[in-house]
Amino acid sequence: MEGIIIKGIAGFYYVRTSEGVLECKARGIFRKNNVTPMVGDRVTVIAAPEGNTLDKIHERTSELMRPFVANISQAYVVFALRNPDINFELLNKFLVYLEMKHIEPVLVFNKSDLATQDEMNRIREDFKGTGYPIYFIEAKSGLGLDDLYAQLKDHITVLCGPSGAGKSTLLNKLSGNETMETGAISVRLNRGKHTTRHSELIEINDALLVDTPGFSTMDFTMEAEELKDYFPEFYEYEGECRFNGCNHNREPGCKVKEEVGKTISEARYNYYVKYYNELFEENKRKW
């Protein structure tokens, strides 16, 4: 039968299926092929009285190493509007990273009670053309969380963002404070309490949420010429520049540059140029 791994610990994998959650052991062929099942994997399970076997791992749409989860379809990118103030360069780096990983970003700005309406309008303007959903919330009071609950539907969602942004508070609110407790499956199976944190998927209203506050740092490399592929506001102008392979930087007749300040925000474009030049210099040093 088909299912999805919601937890893995001590060599056992817990797979949510139409028949309920099954405890499984993975086939030895996975270890032989150096393949490690991941939480979030869509799998085929062979059920048997003597023990269930995780038989096949289906193709993944995305992978993260920390947290160690597959098939995440969206990420709540959580930044505080104040305390600490938004680091827009870091925020844009998160967005590029998620685009590389084929994970849809959802912008979540916490501590909305500390910002003015003008400041929130400016943020919406800064990300116009991206298509990213934008939410302003107050995690402690629960203000704005109804929309985030609705956004979870039909997704596997992870949280990410810098320290102090309120990721843990938001995670606890969304999950009903269950994430800090020992997983219900482990308790039922009498395997005791595990002090080591393992990623687990929590089911919330036909959705799955990763039970860790996600990640706050990224480690990735790319060629400068790849960067434009991770700015969705550029997509509709591909092929309209004077030169094929335009990098939207110094080239004349660039349609993207013409749209800056119109359908593309100047702040996002300026970040693109800055990061492109950094990557170009870094790649040049490697040559």
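Residues numbered from 1 in each chain as written. Predicted model: local features only at pLDDT ≥ 70, side-chain atom pairs only at ≥ 80, totals over all residues. Heavy atoms only, no water.

Novice: Which parts of the structure should I look at to understand the overall build of the protein?
Specialist: Regarding its fold elements, the protein presents eight helices and 13 strands. Structurally, the protein occupies a C-alpha span of about 70 × 45 × 30 Å along its principal axes. Scored against the burial criterion, the 287 residues of the protein give a buried share of 48%. A separation threshold of at least 6 residues defines the contact pool for the protein, and within that pool the share at least 24 residues apart is 67%. About 14700 Å² of surface is accessible on the protein, with carbon and sulfur atoms providing 47% of the total. The distance from the centre of the 36 positive side-chain charges to the centre of the 43 negative ones in the protein is 5 Å. (Helix = DSSP H or I, 4+ residues; strand = E, 2+ residues; numbered from the N terminus. Buried < 20%, exposed > 50% of the residue type's maximum accessible area, 1.4 Å probe, protein only. Contact = heavy atoms within 4.5 Å. Areas by Shrake-Rupley, 256 points an atom, 1.4 Å probe, with all protein chains shown as cover. Lys, Arg positive; Asp, Glu negative; His and termini not counted. Charge placed at Lys NZ, Arg CZ, Asp CG, Glu CD.)

Novice: Explanation requested: the packing of helix H4 (residues 145-152) against helix H5 (residues 167-175) in the structure shown.
Specialist: A pair of packed helices is captured by two measures, namely the crossing angle of their axes and the spacing between those axes. Relative orientation of the contacting elements H4 and H5 amounts to 70°, with a least axis distance of 11 Å. Between H4 and H5, the angle is such that the two are roughly perpendicular. Between H4 and H5, the contacting residues are Leu145, Leu148 and Tyr149 on the first element and Leu170, Lys173 and Leu174 on the second. For the contact of H4 with H5, a count of residues per class yields five nonpolar, no polar and one charged. (Axes fitted to C-alpha atoms, helices over the stretch in contact; angles between N-to-C directions. Parallel < 35°, antiparallel > 145°, perpendicular 65-115°, else oblique. Nonpolar A, V, L, I, M, F, W, Y, C, P; charged D, E, K, R; others polar.)

Novice: Explain the pairing of strand E8 (residues 74-80) here, please?
Specialist: For a regular strand, side-chain orientation follows a simple rule: the groups alternate between the two sheet faces. Across the seven residues of E8, seven count as buried, placing the element largely inside the fold. The sheet contact formed by E8 and strand E9 (residues 104-110) spans seven bridges and is parallel. Paired with alanine 75 across the strands is proline 105, a residue of E9. A crossover connection joins E8 to the parallel E9 through helix H2 (residues 88-100); in handedness this β-α-β unit is right-handed. (Pairing = 2+ DSSP bridges. Right-handed = clockwise from strand over helix to strand, strands pointing away.)

Novice: How should the environment of alanine 10 be read in this particular structure?
Specialist: On the secondary structure map, alanine 10 appears in the loop between strand E1 (2-9) and strand E2 (12-17). Residues alanine 10 and leucine 90, 80 residues apart in the sequence, show an inter-C-alpha distance of 36 Å.

Novice: Even after reading the chapter, I still don't get the sheet that holds strand E10 (residues 134-136), so can you show me in this structure?
Specialist: Hydrogen bonds between backbone atoms are what pair the strands of a sheet, whose relative direction is either parallel or antiparallel. Reading across the sheet, the six strands line up as E10-E9-E8-E11-E13-E12 and stay open at both edges, with mixed pairing between neighbours. Of all the strands in the sheet, the pair left with one neighbour each is E10 and strand E12 (201-203). Here the average twist between neighbouring strands, direction ignored, is 25°.

Novice: Explanation requested: the packing of H2 against helix H8 (residues 266-286) in the structure shown.
Specialist: The geometry of H2 relative to H8 is characterised by a closest axis approach of 11 Å and an angle of 75° between their N-to-C directions. By the angle class used here, H2 and H8 are roughly perpendicular. Residues Glu89, Asn92, Lys93, Leu95 and Val96 of H2 lie in contact with H8, whose contacting residues are Arg268, Tyr271, Lys274, Tyr275 and Glu278.

Novice: For this particular structure, what's the right way to read the sheet that holds strand E4 (residues 42-46)?
Specialist: As summarised here, the arrangement of the five strands in space is E1-E2-E3-E5-E4, forming a closed barrel in which the pairing is mixed. Along the sheet, successive strands turn relative to each other by an average axial angle of 55°, direction set aside.

Novice: When you look at helix H3 (residues 117-126) in this model, what are you seeing that I'm missing?
Specialist: Along H3, the positions that sit buried rather than exposed are Glu119, Met120, Ile123 and Asp126. Buried positions in H3, seen along its axis, are confined to an arc of 115° and lie on one side of it. The outward face of H3, more than 90 degrees from its buried face, is lined by the exposed residues Gln117 and Asp118. Here the buried face of H3 lies against H2, E9, E10 and H8. (Arc of directions from axis to C-beta.)

Novice: Hey, could you run me through the nonpolar core in this one?
Specialist: One broad rule of soluble globular proteins: the nonpolar side chains tend to lie buried together. Val77, Leu91, Leu107, Phe109 and Leu227 are the most contacted members of the largest nonpolar core, which totals 67 residues. The greatest single-element share of this core, amounting to seven residues, is contributed by H8. When neighbours within four sequence positions are excluded, valine 77 is seen to be in contact with Leu91, Phe94, Leu95, Leu98, Pro105, Val106, Leu107, Val108 and Cys160. Judged by nonpolar contacts, the second largest core, of 19 residues, contains Ala139, Leu148, Leu159 and Leu171. (Core = buried A, V, L, I, M, F, W, Y, C linked by side-chain atoms within 4.5 Å.)

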